[in-house]
Amino acid sequence: MKYSTWIFDLDGTLLDTLRDLAASVNHAMRTNGMPEHSVNHVRHLVGNGIRTLIERAVPQGTSNPQFHKALNDFTQHYRNHYLDTTKPYPGILPLLATLKENGCHVAVVSNKTHTVTKQLCQHFFPTTVDVAIGENEAQGIRKKPAPDTVNQALQLLNASPSTAVYVGDSDVDILTARNAHLPCISVLWGFRSRQFLAQRGATVFASSPEDLLAVAT
């Protein structure tokens, strides 16, 4: 294979998490007397971590006096409901199995909390994801698009950047790959359109998990 180390985004790339995220966003909105959002609207709010998601969902963002309560309400609800409807996209499980069969390292880096990222990967990909890293800025590891989580994954895998590729579905992922000096494959089954991604610098696309293998050979 062209790449021996694969670093994946999680939401919108490996897992369809949108409905569970939207349900928790709207729980926080209802609880605090704020307007709810459609699932499709929430699609465009995600990608930069939970705090930014709620900042975008709450009227007036962080200036709203109820912002921190809404953030806490979201966090508590999502912690109990992140597996309600979330599931791997079609073809993802065979893709990861094929990568492992070919001796590849597989990592996940996400702007979800570190705990939830690890729990999701352990639940859905217990034998195929070697390293799972989520948002952990309290420990000095900046969230994406900073390259910190990617660099940490490479270090934990003892892998060279020269044989690694980054796979994601958003503009945040394009920037993350660029900041980590890795090639980027943008997937088209996630939260952003091909036109949106192309306008933000994407050059290599995959319409299905099978396409990813074709790109890698």
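Residues numbered from 1 in each chain as written. Predicted model: local features only at pLDDT ≥ 70, side-chain atom pairs only at ≥ 80, totals over all residues. Heavy atoms only, no water.

Undergrad: What am I meant to see in helix 5 (residues 92-101) here?
TA: Spacing of three or four residues puts side chains on the same side of an α-helix, whose turn is 3.6 residues. Considered for burial, the residues of helix 5 that qualify are Ile-92, Leu-95, Leu-96 and Leu-99. Down the axis of helix 5, the sector holding all buried residues measures 95°, keeping them to one side. Lining the buried residues of helix 5 we find strand 1 (5-8), strand 3 (87-88), strand 4 (105-113) and helix 10 (209-216). Directly after helix 5, the chain includes Gly-103, whose backbone phi takes a positive value near 80°. (Buried < 20%, exposed > 50% of the residue type's maximum accessible area, 1.4 Å probe, protein only. Helix = DSSP H or I, 4+ residues; strand = E, 2+ residues; numbered from the N terminus. Arc of directions from axis to C-beta. Contact = heavy atoms within 4.5 Å.)

Undergrad: I keep staring at the sheet that holds strand 6 (residues 164-168) and nothing clicks. Help me out?
TA: Consider a sheet: its strands pair through backbone hydrogen bonds, and that pairing is either parallel or antiparallel. As summarised here, the arrangement of the six strands in space is 5-4-1-6-7-8, forming an open sheet in which the pairing is parallel. The strands lining the two open edges of the sheet, one partner per strand, are strand 5 (131-135) and strand 8 (205-206). (Pairing = 2+ DSSP bridges.)

Undergrad: Hey, could you run me through the pairing of strand 6 in this one?
TA: Along any regular strand the residues' side chains alternate between the sheet's two faces. Of all five residues making up strand 6, five are buried, and the element is well covered by its neighbours. The alternating pattern of strand 6 places Ala-164, Tyr-166 and Gly-168 on one face and Val-165 and Val-167 on the opposite face, and all of these are buried. Where strand 6 and strand 7 (residues 184-187) come together, three bridges link them in parallel fashion. By the bridge assignment for strand 7, Tyr-166 is matched with Cys-184. Note that the unit made of strand 6, helix 8 (residues 171-179) and strand 7 has a crossover that is right-handed. (Right-handed = clockwise from strand over helix to strand, strands pointing away.)

Undergrad: Before we go on, may I ask you to explain the environment of His-123 in this structure?
TA: Among the structural elements, His-123 can be located in helix 6 (residues 114-124). Take His-123: its relative accessible area is 48%, and that puts it in the partly exposed class. Separated by 40 residues in the primary sequence, His-123 and Leu-83 have C-alpha atoms spaced 9.3 Å apart.

Undergrad: What am I meant to see in helix 10 here?
TA: Of the residues making up helix 10, those classed as buried are Pro-209, Leu-212 and Ala-216. One side of helix 10 carries all its buried residues, which in axial view fall inside an arc of 45°. In helix 10, those exposed residues whose orientation departs by more than 90 degrees from the buried face are Glu-210 and Ala-214. Each element contacted by the buried residues of helix 10 is listed here: strand 1, helix 5, strand 6, strand 7 and strand 8.

Undergrad: Sorry, what's going on with the side chain of His-77 here?
TA: Position of His-77 among the secondary structure elements: in helix 4 (residues 67-81). We classify His-77 as buried; its relative accessible area is 17%. Dropping the residues within four chain positions of it, His-77 is found in contact with Ala-23, Ser-24 and His-27.

Undergrad: What is the right way to look at the packing of aromatic side chains in this model?
TA: Each aromatic ring pair is specified by the distance between its two centres and by the angle formed by the two planes. By the definition in use, this model includes five aromatic pairs. A ring pair is formed by Tyr-3 and Trp-6, whose centres lie 5.9 Å apart and whose planes are at 90°; its orientation type is edge-to-face. Both residues of the pair, Tyr-3 and Trp-6, count as buried. Residues Trp-6 and Phe-8 carry aromatic rings whose centres are separated by 6.0 Å and whose planes lie at 20° to one another, so their mutual orientation is stacked. What makes Trp-6 buried here is its relative accessible area of 0%. By relative accessible area, Phe-8 is classed as buried at 1%. In this structure an aromatic cluster arises from ring pairing among Tyr-3, Trp-6 and Phe-8. Taking the ring centre of Phe-205 as reference, the NZ or CZ of Arg-194 above it sits at 4.1 Å. Positioned over the ring face of Phe-196 is Arg-200, at 3.6 Å from the centre of the ring. (Phe/Tyr/Trp six-rings, centres within 6.5 Å; stacked < 30°, edge-to-face > 60°. Lys NZ or Arg CZ within 6 Å of the ring centre and 35° of its normal.)

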